Every structure is written in C-alpha cells, then in structure tokens.
Amino acid sequence: QQQVKQSPQSLIVQKGGISIINCAYENTAFDYFPWYQQFPGKGPALLIAIRPDVSEKKEGRFTISFNKSAKQFSLHIMDSQPGDSATYFCAASGQGDKLIFGTGTRLQVFP
Amino acid sequence: DSGVTQTPKHLITATGQRVTLRCSPRSGDLSVYWYQQSLDQGLQFLIQYYNGEERAKGNILERFSAQQFPDLHSELNLSSLELGDSALYFCASSLGDEQFFGPGTRLTVL
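Residues numbered from 1 in each chain as written. Chains lettered and ligands numbered in written order. Predicted model: local features only at pLDDT ≥ 70, side-chain atom pairs only at ≥ 80, totals over all residues. Heavy atoms only, no water.

> Lay out the overall build of chain B in plain terms, naming residues and giving numbers.
Per the secondary structure count, chain B includes zero helices and eleven strands. Starting at the N terminus, the α and β elements of chain B follow one another as β-β-β-β-β-β-β-β-β-β-β. In terms of overall size, chain B behaves like a compact globule, its C-alpha atoms giving a radius of gyration of 13 Å where 110 residues would be expected to give roughly 13 Å. Across its three principal axes, chain B shows a C-alpha extent of roughly 35 × 25 × 25 Å. Looking at chain B residue by residue over its 110 residues, the buried ones come to 52%. Partitioning the intrachain contacts of chain B with sequence separation of at least 6 by distance along the chain shows that 53% fall at a separation of at least 24. For chain B, the exposed surface amounts to about 5,400 Å²; the carbon and sulfur share of it is 48%. (Helix = DSSP H or I, 4+ residues; strand = E, 2+ residues; numbered from the N terminus. Rg over C-alpha atoms; globule rule 2.2 N^0.38 Å. Buried < 20%, exposed > 50% of the residue type's maximum accessible area, 1.4 Å probe, protein only. Contact = heavy atoms within 4.5 Å. Areas by Shrake-Rupley, 256 points an atom, 1.4 Å probe, with all protein chains shown as cover.)

Here it is in structure tokens:
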C-alpha cells in the first residue's frame, strides 16, 4: 500500500515533442505528490508538486495532471528539450511524512 | 543549489569499517531526512529527524544510526560496512511538505 508505481522505465522523445510519465498510488492518506528531476551525479531537484484538491498544475513547460478517483498522476513536459534529458521520479507523502518514490523514468530527448 | 550541503562528496572505505556522513539543512528547515539510492532499490527512506528528535524510521539497518544536533545539522553513521552498502546517500531538509535534497555522498565499500 506504500508503493508508488511509475512508468515507463525509459522514454525517448524527439526535441519539441511531449514527454509523459505516469504514476499510480494506493495509499489514500497521501496528500502531496511531487516530481523530482535528477541529473547524473546530482541530488534530486524538486520540479513541481500537486495536492489532491486540484486536478492540474502547470509551471512553464511542466504540467502535473492528477486523477484522485483513479489514484493516478502524471507529468507532462511540453516542447521537450535536450536539456530535459534526466531521470524523473514521482513521489508521494502524507502530512509532511517521508517521501515514497517511484522507480524513476530515464528521459532522453534527441535533437 | 538547494541550500542543503553534504560532506564528504565521495567516500571509499573497506568492509567492516565505520563512516560518518554529514548534512547541513537549509536555513530555517527543522526536518532532516536521509535517503539511500542504489541501482536495485531506487530511492529509499532511511530516517527523519525533526528539531533534534527522531520522527520516523524507514528500512534503516541496525548497523546504521543518525542524529540531529542542536544547530540542526545531522549525521548518519554507518558501521560494520558491507559491499551492499555502496550507494548514494542523500539528505533532504524541509520546513513543510517540500523536501530539498543535498548533492549526496557517494559511498563505495571495497
């Protein structure tokens, strides 16, 4: 029940395309859903986060879509750029608790 | 730069040894979390401290311990090291829900 399932494991996108990464959770006590971006040799960097009271949040080219009834959320990267090539992790937590991470998606954006 | 600092950046040691990893949280953050990142286990929560007190424990081995000091910096102690302890160790700090990660310590056990 504590798991967060993330797919796909890897993603190859053409420059300018849309990258979509999906996550699903079971624990209905989760109330905070962040996405992290990690470059090789670096720590995860908070990208964008959402709470279950909204269905979508957009920050620049990054959008989180949230489906509370399906217990799913996804990250959309519009106009993907080679600089977006990194590993993306979804996560979930409840009331300031520890983060439960998905298994990560390695995104490669080719020019 | 997240504002969270970790030292050392790299650590190479032998099996059976003991090491200490250090983390300084962002100014004003009261919570410190430790996570382990390995290829086969992903990012796993180890332990959380809030204002000097242990708040939550994950799958942290008994050989591992941590503490948070009055100035809010934290140390993670790993003892009787095994080859399988080789991993990246991250600390994160937060005031609310948002957790900000440090650059990590890469531990290699030979």
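> Mind laying out the side chain of Glu75(B), listing which residues take part and the relevant values?
All names here are of chain B. Tracing the chain through its elements places Glu 75 in strand E8 (residues 74–78). Buried charged residue Glu 75 carries no salt bridge. Nearest counter-charge: Arg 22, at 4.0 Å. Look past the residues within four positions of Glu 75 in its chain and what remains in contact with it is Thr 20, Leu 21, Arg 22, Trp 34, Ser 65, Ala 66, Gln 67 and Phe 69. (Lys, Arg positive; Asp, Glu negative; His and termini not counted. Salt bridge = Lys/Arg side-chain N within 4 Å of Asp/Glu carboxyl O.)

> Got a sec to walk through the environment of Thr13(B)? Specific residues and values, please.
All names here are of chain B. Here Thr 13 shows up in strand E2 (residues 10–13). With 35 residues separating them along the chain, Thr 13 and Gln 48 place their C-alpha atoms 25 Å apart. Those residues in contact with Thr 13, other than ones at most four positions away along the chain, are Val 19, Leu 81, Leu 107, Thr 108, Val 109 and Leu 110.

> Account for the interface of chain B and chain A, with residues named and values stated.
On the chain A side, the residues contacting the 15 residues of chain B number 16 residues. When residues of chain B are sorted by the area they lose upon contact with chain A, Leu43(B), Asp97(B) and Phe101(B) head the list and together hold 40% of the total. At the surface where chain B touches chain A, the tally comes to one salt bridge. The tally of links between chain B and chain A comes to five residue pairs in polar contact (both at pLDDT 80 or more). Counting residues per element, the ones that place at least two in the side of chain B that touches chain A are strand E4 (31–38), strand E5 (42–50) and strand E10 (100–101) of chain B. Looking at the side of chain B that touches chain A residue by residue, the class counts come to nine nonpolar, four polar and two charged. (Buried area = accessible area lost by both parts, 1.4 Å probe. Polar contact = N/O pair within 3.5 Å; in protein donor to acceptor, adjacent residues only side chain to side chain. Nonpolar A, V, L, I, M, F, W, Y, C, P; charged D, E, K, R; others polar.)

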